[in-house]
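# Summary of structural features
So the chains spell out like this:
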Amino acid sequence: MDNYSISDIRQMLNPFKEGWEHVYDTNCYTYALGLDAALTALKMRVLNNPGGFIGKDLIQPFTIDDLITNLEGDLEKLKIEYKEVYPDYIIKDNEWMISLMAIRARTRDFSQIYSDFHFLRQTENGIWSHKKGYRFGPTTLDSLHRKIEDPLKSVVETDGFYSSERYEYIKTYSLRKIR
């Protein structure tokens, strides 16, 4: 984080911002947090992965425990209060929700190992959105071009060149920046 301090990043976090400027610098994770910033410097690109703010790499393949530990560590470092909720939780003023999804890695022993993560975000009750990778801007539609109303019922897939894989729902958090 040579380019920005944690304090700088906290100031930039705004999940309620209209529009999204840095489409090619950010992914679903930074979008879910509301970090619309130029992260082109190689050292800053690490912030697009859970654990980047605490300096802990999320090495693939990973376990859900690794993913959650890194995510919650980042939230604590950024002074974002969090609690696990159901996706139908009604958010209050200055709250937003994120839903965590992941793709199970293909292993011979069917172990609980994952190869990719994805985040959805809700800032207004009933309106979920997400950002697919670095190529696309935010959208309120799932992979079947349906409005995302419930992360549990949404179909979100990778956009592979020859094939796609489906993310499975893991959990949802309610977030609020601590003043």
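Given the structure is predicted, the values throughout are model-derived calculations rather than measurements.

Thresholds applied
- Each chain has its residues counted from 1, running along the sequence as written.
- In keeping with the model being predicted, local features are shown solely for residues with a pLDDT of at least 70 and side-chain atom pairs are shown and tallied solely at 80 or more, while totals for entire chains, interfaces and linings include all residues.
- Processing note: side-chain calculations cover all non-hydrogen atoms of the structure and skip hydrogens and water entirely.
- Stacked, tilted and edge-to-face pairs are distinguished by plane angle, under 30 degrees for stacked and over 60 for edge-to-face with tilted covering the rest, among Phe, Tyr and Trp rings (Trp via its six-membered ring) whose centres lie within 6.5 Å.
- By the criteria applied, helices consist of DSSP H or I runs no shorter than four residues and strands consist of E runs no shorter than two, each listed in order from the N terminus.
- For every residue, the accessible area (1.4 Å probe, protein chains only) is compared with the maximum for its type, and the residue is labelled buried under 20%, exposed over 50%, or partly exposed between those bounds.

Take the packing of aromatic side chains next. Applying the stated criterion across every chain yields a total of six aromatic pairs. Considering the side-chain rings of Trp20 and Tyr31, the 4.9 Å spacing of their centres and the 75° angle between planes classify their relative orientation as edge-to-face. Of this pair, Trp20 sits in the loop between helix 1 (6–12) and helix 2 (28–33) while Tyr31 sits in helix 2, and the two are eleven residues apart along the sequence. The class of Trp20 is buried, set by a relative accessible area of 12%. An angle of 65° between the planes, with centres 5.8 Å apart, marks the rings of Phe117 and Phe119 as edge-to-face. On the accessibility criterion, Phe117 (6% relative accessible area) is buried.

Residue Pro61 follows Gln60 across a cis peptide bond; omega there is -5°. Within the secondary structure, Pro61 is located in the loop between helix 3 (42–45) and helix 4 (64–77).

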